[in-house]
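# Descriptive analysis of the structure
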Amino acid sequence: MARWSRGAGGSDGISPAGAGRGRTGIGAAFASGPVLLVAFAFAVMGDPVSSVAYAMEACLRSLDGRLTLLVPTMIMVLGIIVLVAVNYHHLYARFPEGGGDAAASASAFSEGLAFLPLAALTVDYALTIAISVAAGASAIIAYLPGLAPVRVALAMVLLVVVAGLTLFGHGGRAVFALMTISFAVIGSLVIVLGAWAAPVHHVLASAPPPASHHSALLGVLLAFPVGMALATGVEAPSSAIAQLAQLDNTGRLRFGRTTLWLMVGIVVWLTMGIVVLGVRLHIGLPPRNSTWIAGVAEAAVGRGTLFAAFQVSSAVLLLAAASSSFQAGPGLLKALARGGSGVGILPAFLSRSNRHHTPYWGVAVFLAASVLLVAAAGAHEQRLVLFYAVAVFMAFWCGLASMTRFFGRDGRPWLAAVSVTGVLAVGLTLGTDLARGYPIVSLVAACAIAGVLYWMWVRAGRPRGVAQAEQIAEADLADQHGSS
């Protein structure tokens, strides 16, 4: 793993260790590979962008439908996302070959601690599949309400289809990038055209929102952790840059940072644009067979072609996010398995791949977990949101704590203060979510998986490479893309 060093003038620099693999000049990479940059960036950001489809509604429900508090709540959510993004901006410089939170945790503390973010990601992948498929079904039902009685069946069919397509290989980054771009463009059109729409005064609300006994400040503090589901995927570039073997370390660093801030910008624009539009149009809690974001789009542009395109693009993007986790999750299990380039902890059968280079047993594991989650939630994504935020924020916390230690060692107090602030904000998010009771299931599941992995690692003789598990998985995923 390449090490980070401080360059002249306090800027971030990269040591040459490990830089030779697939080396190309960065100037040539940007001059000849703008398509690669766009494809990589928009494919990687599909997860957080797709979260726009359900995170705002989750916040509004937690606020008991109080629209006046939705804007400050989402501003708080986006502020924490920016804080976390600053941390990852610097994490890329220290780990330009990939590895993410697991590599940071192992380097800052101990290799065994890497299992906590790896376990959190495992839970996160399963939840991403379940919540994305459920939200995709909700998007379809919002346009075709007649399908509401078969919601669970529809979600199960979508789940099996996505898993099945994964077994036949991957169409490459360009397909996922196109889905993300389509949703961003159509969503932007809805925001802009909706500026001239007339308010509808809660005509979409199924019932008057219940009166809340919480003060405005307490309401926001209780609601913002729910909206932090919007942050899922912010960490993705930190490990996905391992796919860019054709670039040197400097190239991967620039691709990662460009992707990170482009992703944050798009998420902020779509989130605040739709939230402000929904508040201005007075869109209340949606009826059972619709979604809040669908209600905003319908009130903004009517129930015509653009509304249909908005629903289709959001549904397809959500399914793409599920497909991405169907690739990443089994890939991580394969990286930890015995055989091939795996670390040597999990059973060897998890490393077996079909002729499309897909680890089919890993797909089966995540399909089974997702089926159980979708069935338990009745295919309603809003029932899964709280569990989702807990899982991903455990990985965030590990990365932030690691960077705090790095900045302290390097004598960079201002950056250390930023990371400490992030640690506290993420800790507040986790604590508030866990105080609700049932989201503790995600924490218990992640800790249990981490404990089992650690035990298997010790039993296997503490093989090296745990910290690079995400890097191995992403590099293997790049090979799958290239051979599809």
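Here, the structure is the one placed above.
First things first, this report covers the structure right here in the doc. Fair warning: this is a prediction, and the values are worked out from it, not measured in the lab.

## Some remarks on empty space enclosed by the protein
A full pass over the atoms with the stated rule returns six cavities of 30 Å³ or more. If you add up the space inside the second largest cavity, you get close to 60 Å³. Lining the second largest cavity are Ala53, Ala135, Ser138, Ala139, Thr291, Ile293, Gln311, Ser314 and Glu381. When contributions to the lining of the second largest cavity are tallied by element, the ones reaching two or more residues are helix H7 (115-143) and helix H14 (305-336).

## Examining the layout of surface pockets
In this model, the largest pocket occupies a volume close to 550 Å³. Around the largest pocket, the lining is made up of 24 residues, and of these Thr122, Val123, Ala126, Ala369 and Ile449 lie nearest the centre. Of all the elements in the fold, those that place two or more residues in the lining of the largest pocket are H7, helix H15 (360-376) and helix H18 (440-459).

## Side note on the packing of H7 against H15
Relative to each other, H7 and H15 sit at 60°, their axes nearing to 9 Å. As the angle between them shows, H7 and H15 are arranged oblique. Crossing handedness for the pair H7 and H15: right-handed. Touching Thr122, Tyr125, Ala126, Leu127, Ile129 and Ala130 of H7 are Phe366, Ala369, Ser370, Leu373 and Val374, all from H15. Of the residues that constitute the contact of H7 with H15, the class distribution is nine nonpolar, two polar and no charged.

## What to know about the side chain of Ser370
Within the element layout of this structure, Ser370 appears in helix H15. Of note is the side chain of Ser370, whose polar atom sits 2.7 Å from the backbone oxygen of Phe366. Leave out the neighbours within four places in its chain, and Ser370 touches Ala126, Ile129, Ala130 and Leu159.

## Description of the environment of Leu306
Locating Leu306 in the fold gives a position in helix H14. Each residue touching Leu306, except ones within four places of it in the same chain, is listed here: Ile186, Leu189, Val190, Leu193 and Val301.

## Things to note about the environment of Val390
Tracing the chain through its elements places Val390 in helix H16 (residues 385-409). Considered as a pair, Val390 and Leu443 are 53 residues apart in the sequence and their alpha carbons are 6.6 Å apart. For Val390, the residues in contact, after removing those within four places along its chain, are Leu430, Asp433, Leu434, Pro439, Ser442 and Leu443.

## Some points on H18
When the terminal C-alpha atoms of H18 are compared, their 28 Å separation across 20 residues agrees well with the 28 Å that a helix rising 1.5 Å per residue should span. Taken together, the buried positions of H18 are occupied by Ser442, Ala446, Ala450, Leu453 and Trp457. Seen end-on, H18 carries its buried residues on one side only, within an arc spanning 65°. More than 90 degrees from the buried face of H18, the exposed residues found are Val441, Trp455 and Arg459. As for H18, its buried residues are in contact with H7, H14 and H16. Residue Gly461 follows H18 closely and has a positive phi angle near 95°.

Conventions adopted
Residues numbered from 1 in each chain as written. Predicted model: local features only at pLDDT ≥ 70, side-chain atom pairs only at ≥ 80, totals over all residues. Heavy atoms only, no water. 1 Å grid on protein atoms, 1.4 Å probe; cavity = no way out; pocket = protein on both sides within 12 Å on 5 of 7 lines; lining within 4 Å. Points joined across faces, edges and corners; volume = space filled by probe spheres on them. Helix = DSSP H or I, 4+ residues; strand = E, 2+ residues; numbered from the N terminus. Axes fitted to C-alpha atoms, helices over the stretch in contact; angles between N-to-C directions. Parallel < 35°, antiparallel > 145°, perpendicular 65-115°, else oblique. Left-handed = near helix turned anticlockwise from the far one by under 90°. Contact = heavy atoms within 4.5 Å. Nonpolar A, V, L, I, M, F, W, Y, C, P; charged D, E, K, R; others polar. Polar contact = N/O pair within 3.5 Å; in protein donor to acceptor, adjacent residues only side chain to side chain. Expected span 1.5 Å × (residues − 1). Buried < 20%, exposed > 50% of the residue type's maximum accessible area, 1.4 Å probe, protein only. Arc of directions from axis to C-beta.

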